[in-house]
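Coordinates in review
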Amino acid sequence: MKTSSPIAVIGVSAMFPDAANLQEYWKNIVQGHDAIRPIPVTHWKPEDLYDADPKRPDFTYAKTGGFLKPYDFDPLKFGIAPHALEATDTTQLLGMVCAHEALIDAGYGPGKDFNKERTSCIIGVTGTLELVIPLGARLSHPAWRKALKNAGVADEVAAEVMEAISESFVPWQENSFPGLLGNVVAGRIASRFDLGGSNAVVDAACASSLAALSMAVMELESGRADMVISGGMDTFNDIFMYMCFSKTPALSPTGHSRPFDADGDGTAIGEGLGALILKRLEDAERDGDRIYAVLKGVGSGSDGKGQAIYAPAAKGQIKALTRAYELADVRPETIELLEAHGTGTRVGDGVEISALAEVYPASDVKHCVIGSVKSQIGHTKAAAGAAGLIKAVMALHHKIQPPTLKVRALHAGLSKTPFQVLDQARPWITRGDYPRRAAISAFGFGGSNFHCVAEEYLGTAKPVAWDDSLYFFAFSGADRQDLLRKLSGLDGISELNAQVLARQSRRVFDRLDSCRLSFWARSLGEVTERVSASRDYLSGVRDELSDVAYFEGSAQTDLSLIFSGQGSQAVGMLRELVLAFPEALEPLEIGSRILREEETGLSLVDYIYPSQAFGDDKKVQQKALTATRIAQLALGSVGAALILVLQRFGVKATQFAGHSYGELLALYASGALKLEDMLRASYRRGLLMEKAGALKPGAGMLAVMASASVVEELLVGRDIRIANFNSAEQVVVGGALSELESLKAVLKGRGISSKALEVSTAFHTEFVSDAAAEFDQWLGENVRFSEPSVLVFGNRRAAAYRLEDMRGDLSGQLGSPVRFADMLNSMAAQNGTLVEVGPGRKLLGLLRAVNPQALSLDSEPRDSVLGLVGLLSQLAVRGFEVDLTAWYPGSESLPVDVKKSFTVSLTGANYRSPARAVVKKPIAAASPRDIAGAEALAAS
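All residue numbers here refer to positions counted from 1 along the written sequence of the relevant chain. Where totals are concerned, whole chains, interfaces and linings use all residues; where local detail is concerned, this predicted model gives features only for residues with pLDDT of at least 70, and gives and counts side-chain atom pairs only at 80 or more. Each side-chain value is worked out from all heavy atoms of the structure, with water and hydrogens disregarded.

1. Observations regarding the overall build of the protein chain
Numbering of helices and strands runs from the N terminus; a helix is a DSSP stretch of H or I covering at least four residues, while a strand is a stretch of E covering at least two. Check the secondary structure of the protein chain and you find 33 helices and 30 strands. Taken over the C-alpha trace, the protein chain has a radius of gyration of 32 Å; the compact-globule value for 940 residues is 30 Å, and the two agree within 12%. Considered along the principal axes of its C-alpha atoms, the protein chain spans approximately 110 × 70 × 65 Å. Looking at the 940 residues of the protein chain, the share that counts as buried comes to 57%. A sequence separation of at least 24 residues applies to 79% of the contacts in the protein chain between residues at least 6 apart. Accessible area for the protein chain stands at about 37,600 Å²; split by element, carbon and sulfur atoms hold 52% of it. We score Asp and Glu as negative and Lys and Arg as positive, and we do not count His or the chain ends. For charged residues, the charge sits on one atom: NZ in Lys, CZ in Arg, CG in Asp, CD in Glu. Side-chain charges in the protein chain split into 96 positive and 110 negative, and the spacing between the mean points of these groups amounts to 2 Å. We compute the radius of gyration over the C-alpha atoms and compare it with the globule rule, which gives 2.2 Å times the number of residues raised to the power 0.38. For the exposure calls, accessible area comes from a 1.4 Å probe over protein chains only, and a residue counts as buried if that area is under 20% of its type's maximum, exposed if over 50%, partly exposed in between. Contact definition: two residues touch when any of their heavy atoms are within 4.5 Å. Using a 1.4 Å probe, accessible areas were evaluated by the Shrake-Rupley method; residue-level cover was limited to the displayed protein chains.

This is how it looks when you write it as structure tokens:
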């Protein structure tokens, strides 16, 4: 089969439940936001049409779904006469908005010329639109008249009743016919933007988006067009659509789609619009377009003859999958993200899994993340393929593997497949020497099956993956009054200009000013609270501040970064921060490659950010990460990521140190070790310690909350050694497990608390002395040290490293006690500022025992990005050099609030004129006979 030509995705727009634009849509996906909601009043009333009994005629058993945010639509901007709004389906109206936003995103918005004659518009839309339902309902008046007459209702009352019923539906007008047609969705886009290429919609039911994409790719491959607007659009979420899905039946009685859950009971439906701007890859590169991803091939296949026209068949899906991989010229083993059709129905998911199992070779290595955005936004029908494709394209662009929600127990069919499910997003670390690849499925009633292969564009750097939705302010001034004047600029702050004012404050912040204040907030409400608290403090009304960093006096100059060691590792550590910053990816990729080279088939990301845990899986995952060789390589990878992120913000330390393993990171931060050498040494160090522990099994470590002198007295006659002198009131001992249990009982009797550590052996004792010798030899053969840029302090001698002793100190440290407290004294840690760098806050208590003003980078358990912004805020007000403009280098111009001459608020439901909402005069009083007739009509 001839391979497909590569097609570039150069522009994207998205309007889906709880997401007004692409940025919100992607953010919701990554953060695992659930957009399923009760039916809004704009659509239909569950009290009128809901019944838990799925068999009750003309009622639905569902009352939740996914719905669009209201959008302020300017009809004049898009050439729509206001009086024609009621006669134009919302899909047509918002379709123009969506296409316009995609063109702007691609760089072809107003003022940018492109060859419109060779630009096509092919959109996935299902049949006629929602508007056909009310217009058709009006035509039932003969049946109403007959029923009223048969019920004995007087003619004049019947006429009033019929008029009242008619008024509940939009009237026919000259714009109604085009307003209800599905093909006019594409037609309006082509008309509004003066496009001269093909103009059509494709109906393949729930596969419509990818069917349209298939045709769009053919347009480009054949040379019939140079650019195509494609995607899928569907705002048909009224009671009619609920009834269609209810009587199939396919809706979830619990109201939520749970793709690939063992007990998935159906789907939820949603509404949405997604558009993509496509070009041939060579043309996009020639024109300098920003490229999100590359489409490698779209395969299709029909079910052929089946049991029922609406029943899915594996054979048709298998055709679509195999043809897509042949066209793309890729092997399924290289697909690492599969955005499945994944409706959450038992039959649908079961058939899809069986088809995938036929195409993807069985494997114990779970190399591919499978999921479905339907778990978050519902099944958006004609737009479902676009929703999944946009999710996959953005995943490739941002190098993030997104989660799937609501899986409580994994579908049994996935057990022998190469698929895993994520409940949290994770960085996308490749598992081989090939680009990141994703595959997307969309299947529709009638046996329409489509499958697409997309690949990362290697010329695109990973963007910063947050949208500045966090408010980060920094102010400086000559005195407190100066700060109060600057804070007054936040009075009456609006969401429209809050971020710009925050950026302006960070740009003009001067660390050398006498008074410095900074804070971050997640909402405008928190901004107001922190401004008020700051004013009270600066005015002397209150004595202390929380959630606000403040410093008065000369800038500090002494900054020590202390790297945490083994024991600080945790599943999911620093996930949010690693996802957000592009530089964080490189150490993880190198660490993963090293592990693949050393241990075939293993991926580091599966240890740090594993698949969703079920039952006792969490304990198993944490234990797997505790394995010494894995823990140290993982800590090295995420620790290096933190170093690179701090360098982004210009943070410069005057000295470095680490606790045990953390010294390797300190040496890397100082320039004494290269990144790859540090990571290879991390793995080798851990491996050798693991082997040493295996040769001398039955050893462990115990943290004791007492002074070294007290503990040493209790160790007399015991084969236990102090391994870590952490502080004046904490030591860690190591030895045989039986001896440690005996010691633990003695400590408890003395009222001294202790805690067993999760380690494989007794580090820093004779149990690992053989590892120290082997590590020294390995370092000599494989690593070249350089002079550090600043002082790096070591645990073994509690002094600064010297280049000539670096190898010996680093290897000898394995079997020698960690003299952490003495090292902090040598660093004069009581002066300046100490910062713990690493996951969690394992060292913070030790650091604050020496210096109460010590800080921790990962100080915010909810989100490691919040911990970072808190640290930057503290460092800035203390006067250290920090580049606050690197937080988010967006525009610093206040946005202009453009007043629109006329707008209407559109939801997914069709627009109704406010005039029609006016309460009509009551129907004339009816006679008892009429009342009886009306009751008979209702009963019938």
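2. Examining the side chain of Thr 430
Within the element layout of this structure, Thr 430 appears in the loop between strand E14 (426-427) and strand E15 (437-444). Beyond its immediate chain neighbours, meaning those up to four positions away, Thr 430 contacts Glu 336, Arg 436 and Arg 596.

3. What about the nonpolar core?
To qualify as a nonpolar core, a set must consist of buried Ala, Val, Leu, Ile, Met, Phe, Trp, Tyr and Cys residues joined through side-chain atoms within 4.5 Å. In terms of nonpolar packing, the biggest core is built from 100 residues, with Phe 649, Met 678 and Trp 887 touching the most fellow members. In terms of nonpolar packing, the next biggest core, distinct from the first, is built from 55 residues, Ala 14, Ala 35, Ala 225 and Leu 295 among them.

4. Quick notes on unusual backbone geometry
Pro 249 follows Thr 248 through a cis peptide bond whose omega is -10°. A positive phi angle, close to 65°, is found at Asp 547, a residue other than glycine. Tracing the chain through its elements places Asp 547 in the loop between helix H18 (524-538) and strand E19 (549-552). We classify Asp 547 as exposed; its relative accessible area is 54%.

5. Describing the sheet that holds strand E25 (residues 754-756)
The pairing criterion for strands is at least two bridges between them, as found by DSSP. A sheet is described by the order of its strands in space; here 4 strands give the open sequence E23-E24-E22-E25, paired in antiparallel fashion. Every other strand in the sheet has two partners, leaving strand E23 (720-727) and E25 as the edge strands with one partner each. The average angle at which neighbouring strand axes cross in this sheet is 25°, direction not considered. For E23 and strand E24 (residues 730-736), the ladder comprises 6 bridges, and the chain directions are antiparallel. Residue pairing across strands places Ser 727 opposite Gln 730, the latter belonging to E24. Orientation is described by axes fitted as lines to C-alpha atoms, over the contacting stretch for helices, and by angles from 0 to 180 degrees between their N-to-C directions.

6. Notes on helix H24 (residues 662-669)
Burial runs high along H24: 8 of the 8 residues are buried. Looking only at H24, the buried set comprises Gly 662, Glu 663, Leu 664, Leu 665, Ala 666, Leu 667, Tyr 668 and Ala 669. One or two steps after H24, the chain reaches Gly 671, where phi turns positive at roughly 90°.

7. Side note on the environment of Leu 579
Structurally, Leu 579 is set in helix H19 (residues 575-580). Setting aside residues up to four positions removed in sequence, Leu 579 forms contacts with Val 30, Ile 400, Ala 425, Arg 426, Pro 427, Lys 462 and Ala 465.

8. Topic: the pairing of strand E5 (residues 119-124)
Along E5, 6 of the 6 residues are buried, which leaves the element largely enclosed by surrounding structure. Across 6 bridges, E5 lies against strand E7 (residues 227-234) in parallel orientation. Following the sheet pairing, Ser 120 is matched in E7 by Val 228. As judged from the 4 bridges shared by E5 and strand E6 (residues 199-202), these two strands associate in the parallel manner. When the bridges of E6 are listed, Cys 121 appears paired with Asn 199.

9. Points about helix H6 (residues 155-167)
Helix span is expected to be 1.5 Å times the residue number reduced by one. Taking 1.5 Å per residue as the helical rise, H6 with its 13 residues ought to reach 18 Å, and the 18 Å between its terminal C-alpha atoms agrees with that figure. Taken together, the buried positions of H6 are occupied by Val 157, Ala 158, Met 162 and Ser 166.

10. Topic: the pattern of salt bridges
A pair is scored as a salt bridge if a Lys or Arg side-chain nitrogen falls within 4 Å of a carboxyl oxygen belonging to Asp or Glu. Following the criterion strictly, the structure yields 48 salt bridges and no others. For Arg 807, the salt bridge is made with Asp 776, and the minimal N-O distance between the two is 3.1 Å. Remark: Asp 776 occurs in helix H28 (residues 769-782) and Arg 807 occurs in helix H29 (residues 806-812); sequence separation between them is 31 residues. A salt bridge links Asp 822 to Arg 819; the nearest nitrogen and oxygen atoms lie 3.5 Å apart. With a relative accessible area of 33%, Arg 819 lands in the partly exposed category. Several salt bridges share partner residues, and in doing so they unite Arg 118, Asp 226, Lys 279, Arg 280, Asp 283, Arg 286, Asp 287 and Asp 289 into one network.

11. Observations concerning the sheet that holds strand E17 (residues 471-477)
Within the open sheet, the 3 strands sit side by side as E17-E18-E19. Their pairing is antiparallel. With partners counted over all chains shown, the strands left at the sheet margins are E17 and E19, one partner each. Across this sheet, the average inter-strand angle for adjacent strands is 5°, counted without regard to direction. As defined by bridge partners, E17 adjoins strand E18 (residues 515-521) across 7 bridges and the pair is classed as antiparallel. The partner of Ser 476 across the bridge, within E18, is Arg 516. Across the face of the sheet, H18 comes into contact with E17, E18 and E19 while running at roughly 155° to E18.

12. Points about the packing of helix H23 (residues 628-648) against H24
Remark: H23 packs on H24, axes separated minimally by 10 Å, with the N-to-C direction vectors making an angle of 35°. Two packed elements cross with a definite hand, and for H23 against H24 that hand is right-handed. Here H23 contributes Leu 635, Gly 636, Gly 639, Ala 640, Ile 643 and Leu 644 to the contact with H24, which in turn contributes Leu 665, Tyr 668 and Ala 669. Each residue is assigned to one of three groups, with Ala, Val, Leu, Ile, Met, Phe, Trp, Tyr, Cys and Pro labelled nonpolar, Asp, Glu, Lys and Arg labelled charged, and all others, Gly among them, labelled polar. The residue makeup of the contact of H23 with H24, split by class, is 7 nonpolar, 2 polar and no charged. The handedness criterion is simple: a crossing whose near helix is rotated anticlockwise from the far helix by less than a right angle is left-handed, and one whose near helix is rotated clockwise is right-handed.

13. Description of the confidence of the model for the protein chain
Summarising the model, the protein chain shows a mean pLDDT of 93, and 96% of its residues fall at 70 or more. For every residue, the predictor assigns a confidence score, pLDDT, that lies between 0 and 100. Contacts of residues 928-940 to residues separated by more than four positions or lying in other chains number 12 contacts, the stretch itself having pLDDT below 50.

14. Examining the state of the cysteines
In this description, the term disulfide denotes a pair of cysteine sulfurs within 2.5 Å. Per the stated rule, a full pass over the model turns up 0 disulfides. With no disulfide of its own, Cys 98 has Cys 121 as its nearest cysteine by sulfur position, at a separation of 10 Å.

15. Structural notes on the pairing of strand E22 (residues 699-704)
Counting buried residues in E22 gives 6 out of 6 residues, a clear majority hidden from the surface. Where E22 lies against E24, 6 bridges are found, and the strand directions are antiparallel. Residue pairing across strands places Met 701 opposite Gly 734, the latter belonging to E24. One ladder, built from 3 bridges, connects E22 with E25; its direction is antiparallel. Its bridge partner lying in E25, Leu 702 is registered against Ala 756.

16. A look at the packing of aromatic side chains
Classification of ring pairs uses Phe, Tyr and Trp, with its six-membered ring standing for Trp, and accepts pairs whose centres are within 6.5 Å; under 30 degrees between planes counts as stacked, over 60 as edge-to-face, and the remaining range as tilted. In the structure shown here, the tally under the stated rule is 15 aromatic pairs. On the basis of an interplanar angle of 85° and a centroid distance of 5.9 Å, the ring pair of Tyr 325 and Tyr 360 is categorised as edge-to-face. Of this pair, Tyr 325 sits in helix H12 (residues 314-328) while Tyr 360 sits in the loop between helix H13 (346-359) and strand E11 (368-371), and the two are 35 residues apart along the sequence. Tyr 325 gets classed as buried once you look at its relative accessible area, which sits at 5%. One aromatic cluster in this structure is built from Phe 472, Phe 581, Phe 649 and Trp 887.

17. Here we look at a nonpolar patch on the surface
What goes into a patch is any residue over 30% in relative accessible area without a salt bridge, connected to like charges within 9 Å or, for nonpolar side chains (Val, Leu, Ile, Met, Phe, Trp, Tyr), within 5 Å. There is a patch of nonpolar side chains on the surface, built from Ile 309, Tyr 310 and Phe 445 and spanning about 370 Å² of accessible area. As for its placement among the helices and strands, Tyr 310 is situated in the loop between strand E9 (293-302) and H12.

18. Comments concerning the packing of helix H1 (residues 22-30) against helix H15 (residues 384-398)
In contact at an axis separation of 11 Å, H1 and H15 are set at 80° when each is read in the N-to-C sense. On the basis of their axis angle, the class for H1 and H15 is roughly perpendicular. On the side of H1, the interface is formed by Leu 22, Tyr 25, Trp 26 and Ile 29, while H15 contributes Ala 387, Ile 390, Lys 391, Met 394, Ala 395 and His 398. Of the residues in the contact of H1 with H15, the class split is 8 nonpolar, 1 polar and 1 charged. Orientation is classified from the angle alone, with under 35 degrees giving roughly parallel, over 145 giving roughly antiparallel, 65 to 115 giving roughly perpendicular, and any other angle giving oblique.

19. Digging into the side chain of Ser 816
Examined against the element boundaries, Ser 816 turns out to sit in the loop between H29 and helix H30 (820-826). Those residues within four positions of Ser 816 in sequence are excluded, and the remaining contacts are His 764 and Arg 796.

20. Quick word on the environment of Asp 482
Counting through the fold element by element, Asp 482 comes out in helix H16 (residues 480-487). Considered as a pair, Asp 482 and Asn 831 are 349 residues apart in the sequence and their alpha carbons are 29 Å apart.

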